[in-house]
Amino acid sequence: MFPDLKGKVAVITGASQGIGRGIAIRFGQERMKVVVNYHSNEEMAEMTVKEVQAAGGEAVAVKADVGIEKEIIALMNTAVEAFGGLDVLVNNAGIQTTTPSHELTLDDWHKVMDVNLTGAFVGCRETIKYMLEHDIKGSILNISSVHQKIPKPFHAHYASSKGGLRMLTETLALEYAPRGIRVNTIAPGAIVTPMNEHILSDPRQSQDVLSLIPMNRIGEPEHIASAAAWLTSEEAGYVTGVTLFVDGGMTLYPIFLKG
Ligand code: NAP
(Lines give C-alpha, C1' and ligand atoms only; values in the text may rest on other atoms or scores of the structure.)
Protein backbone atom coordinates (compact mmCIF):
# COMPACT_ATOMS: atom_id res chain seq x y z
CA MET A 1 0.00 0.00 0.00
CA PHE A 2 1.10 3.57 -0.73
CA PRO A 3 -0.28 6.01 1.88
CA ASP A 4 0.41 9.14 -0.22
CA LEU A 5 -2.22 7.98 -2.74
CA LYS A 6 -5.07 8.38 -0.23
CA GLY A 7 -7.57 11.02 -1.41
CA LYS A 8 -5.93 11.49 -4.82
CA VAL A 9 -8.30 11.88 -7.79
CA ALA A 10 -7.72 9.51 -10.74
CA VAL A 11 -9.39 9.18 -14.13
CA ILE A 12 -9.07 5.69 -15.63
CA THR A 13 -10.24 5.28 -19.21
CA GLY A 14 -11.87 1.98 -20.15
CA ALA A 15 -12.39 0.88 -16.56
CA SER A 16 -15.64 -1.06 -16.98
CA GLN A 17 -13.73 -4.34 -17.31
CA GLY A 18 -10.32 -5.98 -17.67
CA ILE A 19 -7.12 -4.14 -16.80
CA GLY A 20 -8.85 -0.77 -16.24
CA ARG A 21 -11.24 -2.36 -13.76
CA GLY A 22 -8.30 -4.01 -11.98
CA ILE A 23 -6.50 -0.68 -11.64
CA ALA A 24 -9.70 1.00 -10.41
CA ILE A 25 -10.18 -1.58 -7.65
CA ARG A 26 -6.53 -1.28 -6.58
CA PHE A 27 -6.88 2.52 -6.47
CA GLY A 28 -9.97 1.95 -4.31
CA GLN A 29 -7.84 -0.10 -1.91
CA GLU A 30 -5.47 2.87 -1.83
CA ARG A 31 -8.46 5.03 -0.74
CA MET A 32 -8.38 7.09 -3.92
CA LYS A 33 -11.23 8.88 -5.71
CA VAL A 34 -11.72 7.15 -9.03
CA VAL A 35 -13.51 8.23 -12.20
CA VAL A 36 -14.46 4.98 -13.93
CA ASN A 37 -14.71 5.82 -17.61
CA TYR A 38 -16.58 3.49 -19.95
CA HIS A 39 -17.72 3.53 -23.55
CA SER A 40 -20.70 1.20 -23.92
CA ASN A 41 -21.04 -1.03 -20.88
CA GLU A 42 -22.72 1.08 -18.20
CA GLU A 43 -23.76 -1.94 -16.14
CA MET A 44 -20.17 -3.20 -15.85
CA ALA A 45 -18.93 0.32 -15.11
CA GLU A 46 -21.42 0.63 -12.25
CA MET A 47 -20.22 -2.74 -10.94
CA THR A 48 -16.63 -1.43 -10.99
CA VAL A 49 -17.83 1.65 -9.07
CA LYS A 50 -19.33 -0.60 -6.38
CA GLU A 51 -16.12 -2.66 -6.21
CA VAL A 52 -13.99 0.49 -5.79
CA GLN A 53 -16.30 1.67 -3.00
CA ALA A 54 -16.25 -1.75 -1.32
CA ALA A 55 -12.44 -1.63 -1.44
CA GLY A 56 -12.45 1.67 0.47
CA GLY A 57 -12.35 4.32 -2.25
CA GLU A 58 -14.81 6.70 -3.83
CA ALA A 59 -15.95 6.28 -7.42
CA VAL A 60 -18.22 7.54 -10.13
CA ALA A 61 -18.89 6.10 -13.61
CA VAL A 62 -18.63 8.50 -16.56
CA LYS A 63 -19.44 7.62 -20.15
CA ALA A 64 -17.10 8.99 -22.84
CA ASP A 65 -15.74 7.78 -26.14
CA VAL A 66 -12.02 8.50 -25.93
CA GLY A 67 -11.90 8.47 -29.72
CA ILE A 68 -13.77 11.80 -29.69
CA GLU A 69 -11.95 14.94 -28.50
CA LYS A 70 -14.92 16.76 -27.00
CA GLU A 71 -15.97 13.69 -25.02
CA ILE A 72 -12.52 13.45 -23.40
CA ILE A 73 -12.62 17.14 -22.49
CA ALA A 74 -16.07 16.60 -20.94
CA LEU A 75 -14.74 13.53 -19.07
CA MET A 76 -11.94 15.57 -17.50
CA ASN A 77 -14.31 18.39 -16.57
CA THR A 78 -16.71 15.91 -14.98
CA ALA A 79 -13.86 14.41 -12.94
CA VAL A 80 -12.90 17.82 -11.58
CA GLU A 81 -16.55 18.64 -10.81
CA ALA A 82 -17.14 15.30 -9.09
CA PHE A 83 -14.03 15.20 -6.90
CA GLY A 84 -12.64 18.74 -6.92
CA GLY A 85 -9.33 18.05 -8.66
CA LEU A 86 -7.26 15.79 -10.87
CA ASP A 87 -4.02 14.12 -9.78
CA VAL A 88 -3.75 11.00 -11.93
CA LEU A 89 -4.71 9.96 -15.44
CA VAL A 90 -4.52 6.36 -16.63
CA ASN A 91 -4.94 6.08 -20.39
CA ASN A 92 -6.02 2.45 -20.50
CA ALA A 93 -8.83 2.22 -23.08
CA GLY A 94 -7.70 0.24 -26.08
CA ILE A 95 -9.15 -1.70 -28.99
CA GLN A 96 -7.82 -3.96 -31.72
CA THR A 97 -8.94 -5.86 -34.80
CA THR A 98 -7.19 -8.58 -36.80
CA THR A 99 -6.63 -7.92 -40.51
CA PRO A 100 -3.83 -8.61 -43.02
CA SER A 101 -2.09 -5.26 -43.40
CA HIS A 102 -2.58 -5.13 -47.19
CA GLU A 103 -6.34 -5.28 -46.58
CA LEU A 104 -6.49 -2.88 -43.63
CA THR A 105 -8.82 -0.01 -44.49
CA LEU A 106 -8.01 3.53 -43.53
CA ASP A 107 -11.26 3.59 -41.61
CA ASP A 108 -10.14 0.65 -39.41
CA TRP A 109 -6.66 2.18 -39.06
CA HIS A 110 -8.18 5.46 -37.83
CA LYS A 111 -10.61 3.76 -35.43
CA VAL A 112 -7.77 2.04 -33.57
CA MET A 113 -5.46 5.06 -33.70
CA ASP A 114 -8.20 7.40 -32.49
CA VAL A 115 -8.85 5.36 -29.35
CA ASN A 116 -5.38 3.97 -28.56
CA LEU A 117 -3.14 6.92 -29.44
CA THR A 118 -4.99 10.13 -30.29
CA GLY A 119 -7.37 9.65 -27.36
CA ALA A 120 -4.42 9.14 -25.04
CA PHE A 121 -2.78 12.30 -26.38
CA VAL A 122 -5.91 14.39 -25.83
CA GLY A 123 -6.29 12.96 -22.32
CA CYS A 124 -2.64 13.84 -21.56
CA ARG A 125 -3.03 17.33 -23.02
CA GLU A 126 -6.13 18.17 -20.99
CA THR A 127 -4.69 16.67 -17.81
CA ILE A 128 -1.36 18.47 -18.13
CA LYS A 129 -3.15 21.76 -18.85
CA TYR A 130 -5.18 21.35 -15.65
CA MET A 131 -2.14 20.31 -13.60
CA LEU A 132 -0.12 23.31 -14.79
CA GLU A 133 -2.97 25.73 -14.08
CA HIS A 134 -3.36 24.33 -10.54
CA ASP A 135 0.31 23.59 -9.82
CA ILE A 136 -0.33 19.89 -9.36
CA LYS A 137 2.66 17.54 -9.45
CA GLY A 138 0.62 14.74 -10.96
CA SER A 139 1.19 11.42 -12.63
CA ILE A 140 0.07 10.01 -15.99
CA LEU A 141 0.19 6.34 -16.96
CA ASN A 142 -0.24 5.12 -20.50
CA ILE A 143 -1.16 1.45 -20.81
CA SER A 144 0.70 0.25 -23.84
CA SER A 145 1.58 -3.36 -24.71
CA VAL A 146 4.53 -5.64 -25.34
CA HIS A 147 3.62 -4.80 -28.95
CA GLN A 148 5.19 -1.39 -28.54
CA LYS A 149 8.36 -3.50 -28.92
CA ILE A 150 7.36 -6.85 -30.49
CA PRO A 151 5.98 -6.54 -34.03
CA LYS A 152 2.44 -7.91 -34.42
CA PRO A 153 1.50 -9.14 -37.90
CA PHE A 154 -2.20 -8.64 -38.79
CA HIS A 155 -2.33 -5.85 -36.20
CA ALA A 156 -0.31 -3.07 -37.87
CA HIS A 157 -2.63 -0.37 -36.53
CA TYR A 158 -2.56 -1.75 -32.97
CA ALA A 159 1.22 -2.21 -32.83
CA SER A 160 1.79 1.22 -34.39
CA SER A 161 -0.53 2.84 -31.85
CA LYS A 162 1.38 1.22 -28.98
CA GLY A 163 4.76 2.19 -30.42
CA GLY A 164 3.43 5.73 -30.71
CA LEU A 165 2.24 5.64 -27.12
CA ARG A 166 5.78 4.86 -25.96
CA MET A 167 7.19 7.90 -27.77
CA LEU A 168 4.29 10.08 -26.58
CA THR A 169 5.14 9.04 -23.02
CA GLU A 170 8.84 9.79 -23.40
CA THR A 171 8.26 13.14 -25.11
CA LEU A 172 5.76 14.37 -22.52
CA ALA A 173 7.90 13.01 -19.68
CA LEU A 174 10.85 15.08 -20.90
CA GLU A 175 8.77 18.17 -21.65
CA TYR A 176 7.03 18.31 -18.28
CA ALA A 177 9.67 16.86 -15.93
CA PRO A 178 10.75 20.40 -14.93
CA ARG A 179 7.14 21.09 -13.90
CA GLY A 180 6.97 17.98 -11.69
CA ILE A 181 4.52 16.02 -13.84
CA ARG A 182 5.56 12.40 -14.35
CA VAL A 183 4.52 10.36 -17.40
CA ASN A 184 5.16 6.62 -17.61
CA THR A 185 4.07 3.58 -19.58
CA ILE A 186 3.09 0.11 -18.45
CA ALA A 187 3.43 -2.51 -21.18
CA PRO A 188 1.40 -5.63 -20.31
CA GLY A 189 2.07 -9.05 -21.76
CA ALA A 190 -0.78 -11.58 -21.99
CA ILE A 191 -3.32 -10.69 -19.31
CA VAL A 192 -6.64 -12.48 -18.76
CA THR A 193 -9.36 -10.00 -19.74
CA PRO A 194 -12.45 -9.98 -21.97
CA MET A 195 -10.22 -8.63 -24.79
CA ASN A 196 -8.46 -11.98 -25.17
CA GLU A 197 -10.68 -14.51 -23.43
CA HIS A 198 -11.55 -16.11 -26.80
CA ILE A 199 -7.85 -16.99 -27.19
CA LEU A 200 -7.08 -17.94 -23.61
CA SER A 201 -10.15 -20.16 -23.22
CA ASP A 202 -9.02 -22.27 -26.19
CA PRO A 203 -6.51 -24.90 -24.90
CA ARG A 204 -4.38 -24.97 -28.06
CA GLN A 205 -4.19 -21.20 -28.47
CA SER A 206 -3.60 -20.77 -24.75
CA GLN A 207 -0.67 -23.23 -24.96
CA ASP A 208 0.75 -21.22 -27.89
CA VAL A 209 0.63 -18.08 -25.75
CA LEU A 210 2.21 -19.84 -22.76
CA SER A 211 5.11 -20.95 -24.93
CA LEU A 212 5.96 -17.24 -25.35
CA ILE A 213 6.05 -16.57 -21.60
CA PRO A 214 9.20 -17.64 -19.72
CA MET A 215 7.31 -17.54 -16.39
CA ASN A 216 4.86 -20.02 -17.93
CA ARG A 217 1.68 -18.39 -16.68
CA ILE A 218 -0.79 -15.85 -17.99
CA GLY A 219 -0.94 -12.55 -16.11
CA GLU A 220 -3.88 -11.12 -14.16
CA PRO A 221 -5.18 -7.52 -14.10
CA GLU A 222 -3.90 -7.34 -10.50
CA HIS A 223 -0.31 -7.61 -11.78
CA ILE A 224 -0.83 -4.47 -13.87
CA ALA A 225 -2.70 -2.78 -11.03
CA SER A 226 0.23 -3.27 -8.61
CA ALA A 227 2.60 -1.70 -11.10
CA ALA A 228 0.13 1.17 -11.64
CA ALA A 229 -0.18 1.86 -7.91
CA TRP A 230 3.59 1.93 -7.45
CA LEU A 231 4.26 4.10 -10.50
CA THR A 232 1.56 6.54 -9.39
CA SER A 233 2.84 6.77 -5.83
CA GLU A 234 5.63 8.89 -4.39
CA GLU A 235 7.66 5.68 -4.02
CA ALA A 236 8.22 6.15 -7.76
CA GLY A 237 8.51 9.94 -7.40
CA TYR A 238 11.85 10.05 -9.25
CA VAL A 239 10.66 7.81 -12.11
CA THR A 240 9.51 9.36 -15.36
CA GLY A 241 9.55 8.41 -19.04
CA VAL A 242 9.98 4.69 -18.44
CA THR A 243 8.17 1.69 -19.81
CA LEU A 244 7.59 -0.95 -17.15
CA PHE A 245 7.07 -4.28 -18.89
CA VAL A 246 4.74 -6.52 -16.85
CA ASP A 247 4.87 -9.57 -19.07
CA GLY A 248 6.34 -12.61 -17.29
CA GLY A 249 9.46 -12.18 -19.41
CA MET A 250 7.75 -12.19 -22.81
CA THR A 251 10.00 -9.43 -24.16
CA LEU A 252 13.18 -11.33 -23.15
CA TYR A 253 13.33 -13.43 -26.36
CA PRO A 254 11.95 -16.69 -24.83
CA ILE A 255 13.28 -18.59 -27.86
CA PHE A 256 16.71 -18.27 -26.18
CA LEU A 257 15.51 -19.83 -22.90
CA LYS A 258 17.65 -22.92 -23.46
CA GLY A 259 20.72 -20.88 -24.35
P1 NAP B 1 -10.85 -5.02 -22.60
O2 NAP B 1 -11.11 -6.10 -21.62
O3 NAP B 1 -11.30 -5.20 -24.00
O4 NAP B 1 -11.46 -3.64 -22.04
C5 NAP B 1 -11.38 -2.51 -22.83
C6 NAP B 1 -11.94 -1.33 -22.08
O7 NAP B 1 -11.78 -0.19 -22.93
C8 NAP B 1 -13.42 -1.47 -21.77
O9 NAP B 1 -13.65 -0.92 -20.49
C10 NAP B 1 -14.10 -0.61 -22.84
O11 NAP B 1 -15.31 0.03 -22.39
C12 NAP B 1 -13.05 0.46 -23.04
N13 NAP B 1 -13.16 1.11 -24.34
C14 NAP B 1 -13.14 0.58 -25.57
N15 NAP B 1 -13.30 1.52 -26.51
C16 NAP B 1 -13.43 2.70 -25.84
C17 NAP B 1 -13.65 4.04 -26.22
N18 NAP B 1 -13.78 4.38 -27.52
N19 NAP B 1 -13.76 4.98 -25.26
C20 NAP B 1 -13.66 4.66 -23.94
N21 NAP B 1 -13.44 3.40 -23.52
C22 NAP B 1 -13.34 2.44 -24.46
O23 NAP B 1 -9.28 -4.67 -22.69
P24 NAP B 1 -8.07 -5.02 -21.68
O25 NAP B 1 -7.53 -6.34 -22.06
O26 NAP B 1 -8.46 -4.75 -20.29
O27 NAP B 1 -7.02 -3.94 -22.20
C28 NAP B 1 -6.84 -2.69 -21.56
C29 NAP B 1 -5.60 -2.04 -22.16
O30 NAP B 1 -4.47 -2.91 -21.98
C31 NAP B 1 -5.71 -1.78 -23.67
O32 NAP B 1 -5.09 -0.57 -23.99
C33 NAP B 1 -4.92 -2.94 -24.27
O34 NAP B 1 -4.37 -2.62 -25.52
C35 NAP B 1 -3.84 -3.14 -23.22
N36 NAP B 1 -3.26 -4.48 -23.24
C37 NAP B 1 -3.98 -5.58 -22.90
C38 NAP B 1 -3.37 -6.83 -22.93
C39 NAP B 1 -4.09 -8.09 -22.53
O40 NAP B 1 -3.50 -9.17 -22.65
N41 NAP B 1 -5.32 -8.02 -22.07
C42 NAP B 1 -2.05 -6.95 -23.32
C43 NAP B 1 -1.35 -5.81 -23.68
C44 NAP B 1 -1.96 -4.57 -23.62
P45 NAP B 1 -16.79 -0.59 -22.67
O46 NAP B 1 -16.73 -2.01 -22.21
O47 NAP B 1 -17.69 0.27 -21.85
O48 NAP B 1 -17.04 -0.47 -24.13
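These lines cover the structure that appears in this document, whether it is placed above or below. All of these numbers come straight from a predicted model, not from anything done at the bench.

1. A few points about the pattern of salt bridges
Taken as a whole and assessed by the stated rule, the structure comprises nine salt bridges. A salt bridge links E51 to R21; the shortest N-O distance between them is 2.7 Å. Of this pair, E51 sits in helix α2 (residues 42-55) while R21 sits in helix α1 (residues 18-29); the two residues are 30 residues apart in sequence, bridging distant segments of the chain. Residue class for E51 comes out partly exposed when judged on its relative accessible area of 26%. Here R21 falls in the partly exposed class, since its relative accessible area comes to 30%. Notably, a salt bridge pairs K137 with D135, separated by 3.0 Å at the nearest N-O pair.

2. Let's talk about the pairing of strand β4 (residues 88-91)
Residues V88 and V90 of β4 are buried on one face, and the alternating residues L89 and N91, pointing to the opposite face, are buried as well. The sheet contact formed by strand β1 (residues 9-12) and β4 spans three bridges and is parallel. Its bridge partner being in β4, V11 is matched across the sheet by L89. Sheet topology note: the β4/strand β5 (residues 139-143) ladder contains four bridges and is parallel. Counted as the bridge partner of V90 is L141 from β5. As for the winding sense of the linkage, the β-α-β connection from β4 through helix α4 (residues 106-133) to β5 is right-handed.

3. Notes on the side chain of N91
Topologically, N91 is positioned in strand β4. Separated by 2.9 Å, the side chains of N91 and N142 make a polar contact. Excluding its chain neighbours within four sequence positions, the residues that come into contact with N91 are T13, G119, A120, G123, C124, I140, L141, N142 and I143.

4. Digging into the packing of α1 against α2
Between α1 and α2, the shortest axis-to-axis distance is 7 Å and the interhelical angle comes to 25 degrees. On the basis of the axis angle, α1 is roughly parallel to α2. As α1 runs across α2, the sense of the crossing is right-handed. Here α1 contributes R21, A24, I25, G28 and Q29 to the contact with α2, which in turn contributes T48, E51, V52 and A55. The residue makeup of the contact of α1 with α2, split by class, is four nonpolar, three polar and two charged.

5. Brief notes about the side chain of R182
Note that R182 resides in strand β6 (residues 182-188). Here R182 occupies a buried position and makes no salt bridge, while the nearest side chain of opposite charge, E234, is found at 5.0 Å. Within the structure, the side chain of R182 is placed 3.3 Å from the backbone oxygen of S233, a separation counted as a polar contact. Apart from residues lying up to four places away in sequence, R182 is in contact with G138, S139, I140, L231, T232, S233, A236, G237, V239 and T240.

6. As for the site of the ligand
Close to the ligand lie 32 residues; S16, S40, N92, Y158 and T193 are nearest. At 2.8 Å, a side-chain N or O of D65 approaches a nitrogen atom of the ligand. The contact in question runs from an oxygen atom of the ligand to an N or O atom on the side chain of Y158, over 2.6 Å. Calculation on the ligand without its partners gives an accessible area of 900 Å², and the protein chains cover 92% of this total. If you list the elements that add at least two residues to the shell around the ligand, you get α1, β2 (33-38) and α5 (156-176). Among the residues forming the shell around the ligand, the class breakdown is 15 nonpolar, 15 polar and two charged.

Calculation rules
- Each chain has its residues counted from 1, running along the sequence as written.
- Whole-chain, interface and lining totals are the exception, using all residues; otherwise, since this is a predicted model, local features are given only for residues with pLDDT of at least 70 and side-chain atom pairs are given and counted only at 80 or more.
- No hydrogens and no water enter the side-chain calculation; it runs on all heavy atoms of the structure.
- Criterion for a salt bridge: a side-chain nitrogen of Lys or Arg within 4 Å of a carboxyl oxygen of Asp or Glu.
- Numbering of helices and strands runs from the N terminus; a helix is a DSSP stretch of H or I covering at least four residues, while a strand is a stretch of E covering at least two.
- For each residue, the accessible area found with a 1.4 Å probe, counting protein chains only, is set against the maximum for its type, and the residue is called buried under 20%, exposed over 50%, and partly exposed in between.
- If DSSP finds at least two bridges between two strands, the strands pair.
- When the strands point away from the viewer, a crossover counts as right-handed if the path from the first strand over the helix to the second runs clockwise.
- Between N or O atoms, a polar contact is any pair within 3.5 Å; within protein, one atom must be a potential hydrogen donor and the other a potential acceptor, and residues adjacent in sequence are included only when both atoms are from side chains.
- Whether two residues are in contact is decided by their heavy atoms, any of which lying within 4.5 Å being enough.
- Here an axis means a line fitted to C-alpha atoms, over the contact stretch when the element is a helix, while the angle between two N-to-C directions is reported on a 0 to 180 degree scale.
- Between 65 and 115 degrees an angle is taken as roughly perpendicular, under 35 as roughly parallel, over 145 as roughly antiparallel, and anywhere else as oblique.
- Here a crossing is called left-handed whenever its near helix is offset anticlockwise from the far helix by less than a right angle, and right-handed whenever the offset is clockwise.
- Under the convention adopted here, Pro, Cys and the residues Ala, Val, Leu, Ile, Met, Phe, Trp and Tyr are nonpolar, Asp, Glu, Lys and Arg are charged, and Gly plus all remaining residues are polar.
- We count Lys and Arg on the positive side and Asp and Glu on the negative side, and we leave His and both chain ends out.
- A cutoff of 4 Å decides nearness: a residue is near a molecule or strand if any of its heavy atoms lies inside that distance of it.
- Surface accessibility in these figures is a Shrake-Rupley result with a 1.4 Å probe; residues are shielded only by whichever protein chains are displayed.

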